[in-house]
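# Inside the fold
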Amino acid sequence: MGTYMKLAKRVLETESPVMVQIQEILRSCKDAVSLAQGVVYWQPPEEALEKVKKIVDEPLTSRYGGDEGLPALREALTKKLQEENKLYKSSVMVTAGANQAFVNLVLALCDAEDRVVMFAPYYFNSYMSFQMTGITDILVGPGDPKTLQPDADWLEKVLSTEPVPKLVNIVNPGNPSGTYIPEPLLKRISDLCKKAGSWLVVDNTYEYFMYDGLKHTCIEGDHILNVFSFSKAYGMMGWRVGYIAYPTETKGLAEQLLKVQDNIPICAPIVSQRLALFSLETGSDWVRNQVKDLVKNREILLDALSPLGVGAVKGGEGAIYLWAKLPDKHQDDFEVVRWLAKRHGVVLIPGSASGGPGCVRVSFGGLKDGDCEFAALRLKKGLEELVKHGMVQ
Ligand SMILES: Cc1ncc(COP(=O)(O)O)c(C=O)c1O
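Quick caveat, the model's predicted, so the values are computed rather than measured.

About the criteria used
Within every chain, residues take consecutive numbers counted from 1 along the sequence as written. Per-residue local features of the predicted model are confined to residues with pLDDT of at least 70, and side-chain atom pairs are confined, for both listing and counting, to 80 or more; whole-chain, interface and lining totals are unaffected and use all residues. Values reported for side chains reflect all heavy atoms of the structure, with hydrogen atoms and water molecules removed beforehand. What counts as a helix is a DSSP run of H or I of at least four residues, what counts as a strand is a run of E of at least two, and both are numbered from the N terminus. Helices are assigned an expected span. That span is 1.5 Å times one less than the residue count. The buried label goes to any residue with under 20% of its type's maximum accessible area, the exposed label to any with over 50%, and the partly exposed label to all in between, with areas taken from a 1.4 Å probe on protein chains only. Comment: arc refers to directions from the helix axis out to C-beta atoms. Whether a residue is near a molecule or strand is decided by its heavy atoms; if any one of them lies within 4 Å of it, the residue is near. Two N or O atoms count as a polar contact when they lie within 3.5 Å, although within protein this holds only if one can serve as hydrogen donor and the other as acceptor, and sequence-adjacent residues are included solely when both atoms are side-chain atoms. Methods summary: accessible areas were calculated by the Shrake-Rupley approach with a probe of 1.4 Å, and residue burial reflects only the protein chains presented. Side-chain classes follow a simple rule in which Ala, Val, Leu, Ile, Met, Phe, Trp, Tyr, Cys and Pro form the nonpolar group, Asp, Glu, Lys and Arg form the charged group, and the remainder, Gly included, forms the polar group. Two strands qualify as a pair provided DSSP detects at least 2 bridges between them. When a carboxyl oxygen of Asp or Glu is within 4 Å of a side-chain nitrogen of Lys or Arg, the pair counts as a salt bridge. Domain limits in this description derive from either an automatic procedure or a database domain assignment. Whether two residues are in contact is decided by their heavy atoms: any pair within 4.5 Å suffices. Throughout, buried area stands for the accessible area (probe radius 1.4 Å) lost by two parts on being put together, summed over both.

### So, helix α9 (residues 183–196)
Along an α-helix, a turn takes 3.6 residues, which lines up residues three or four apart on a common side. The end-to-end C-alpha distance of α9, which contains 14 residues, comes to 20 Å, matching closely the 20 Å that a straight helix rising 1.5 Å per residue would cover. Along α9, the positions that sit buried rather than exposed are L185, L186, I189, S190, L192 and C193. Angularly, the buried residues of α9 cover 160 degrees about the axis, an arc narrow enough to put them on a single face. Those residues of α9 that are exposed and aimed more than 90 degrees away from the buried face are P184 and K195.

And the structure:
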């Protein structure tokens, strides 16, 4: 038997990470610009970085910390959750990013044979987290055709059918669509989950990334787990800090979460937790100030996508993404992405990676406006050619 056959079926049957494929495309196309990766162009607040420089040689920075996170950071986050998110009955566990938070939750809440629910188009890493932990019964619900908001009528039916899903996952605002979930819909989804006895996991990675006066809201309950991230808001992608706000009153949950945490990171990197705390001290107004300029990028890219026609582009009310339907004649999104990269030097994410074939995801967070204009020019030219003449070689 070759080595290949000895690998775990769970992992072999997990999708390949789309970002790895995209990085290969980027490497193979000289000078290609990326509208692919879900990143922001800014760095953490300067004063926070200055403070962190002074603590690298403190002995505590090199030791393990408590599994749940540094007490001072947890305290600051508890205050933030109360003041900004109106979550008053939640405890905090600091993780090495929101992705690790999600895996912790899947491991603590689900067994391999459980049914779970997500909505298309979904965040690919969450789908992979289910697959990687052995879960195969993943129901992908539809979004409203106009708004892409999760279809709560569909969810109601699914939650009243055996086997009742153990966990429902939503992302607000969404990746890959940038669609936000208004409070009444969030409440309805929560009530349906509560009635069915299902967990609801809400990924709030893009809580600050809201535009046009829309407001992000959170919801609390003994069946709700809220996930947050420092990555995009504070430009801390590589520092790896996220957190779970879990219901304090739900008996036994903290103990089970701690088992998983103790076996994966033990604790999130101490130096990163300190930077997270210093960044919180700088305050969320700093984040809002960074985010407000992204609207310009969104408008620039909306114009670049205009060759796809009226109604082809959706989402973008929040997060850093636009979601665009490709022309009917060119529904192989991977092929279109490769062609755009090779011929026009601009890279997007194929929608198939998120359960949305025939579409592409465009990120407007990673480039400053001048660079974004440059990428947009290439994209517009490419799409005009695609629509008029097809994938000319
Ligand atoms: C919806 C969503 N959740 C989680 C993550 C991962 O965040 P982190 O860097 O905190 O692991 C991302 C990153 O793109 C995301 O878009």
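### Let's talk about the site of the ligand
For the ligand, the set of nearby residues contains 13 residues, the closest of which are D203, Y206, S229, S231 and K232. At 2.7 Å, a side-chain N or O of R240 approaches an oxygen atom of the ligand. Computed on the free molecule, the ligand has an accessible area of 390 Å², of which 92% lies beneath the protein chains in the complex. Residue composition of the shell around the ligand, grouped by class: 4 nonpolar, 6 polar and 3 charged.

### What to know about the pairing of strand β7 (residues 224–229)
Across the 6 residues of β7, 6 count as buried, placing the element largely inside the fold. Residue alternation in β7 divides its side chains into two sets, I224, N226 and F228 and L225, V227 and S229, and both sets are buried. Sheet topology note: the strand β6 (residues 199–203)/β7 ladder contains 4 bridges and is parallel. Across the sheet, the residue bridging to L200 is I224, located in β7.

### Examining the pattern of salt bridges
A complete count under the given rule lists 20 salt bridges for this structure. With its nearest N and O atoms 3.5 Å apart, the salt bridge here joins R288 to D285. Taken as a pair, R288 and D285 lie in helix α12 (residues 284–292) at a separation of 3 residues, close to a single helical turn. Its relative accessible area of 38% is what places R288 among the partly exposed residues. For D285, a relative accessible area of 59% gives the class exposed.

### Topic: the domain arrangement of the protein chain
Much of the literature gives interface size as the accessible area that the parts lose upon coming together. Domain annotation for the protein chain reports domain 1 (9–43 + 284–386) and domain 2 (58–282). Relative placement of domain 1 and domain 2: their C-alpha centres are 24 Å apart. Listed per partner, the contact involves 37 residues of domain 1 and 35 residues of domain 2. For the pair domain 1 and domain 2, the two sides together bury roughly 3,100 Å², of which 62% comes from carbon and sulfur. Looking at the side of domain 1 facing domain 2, the largest losses of area belong to E317, A319 and S354, adding up to 18% of the total buried there.

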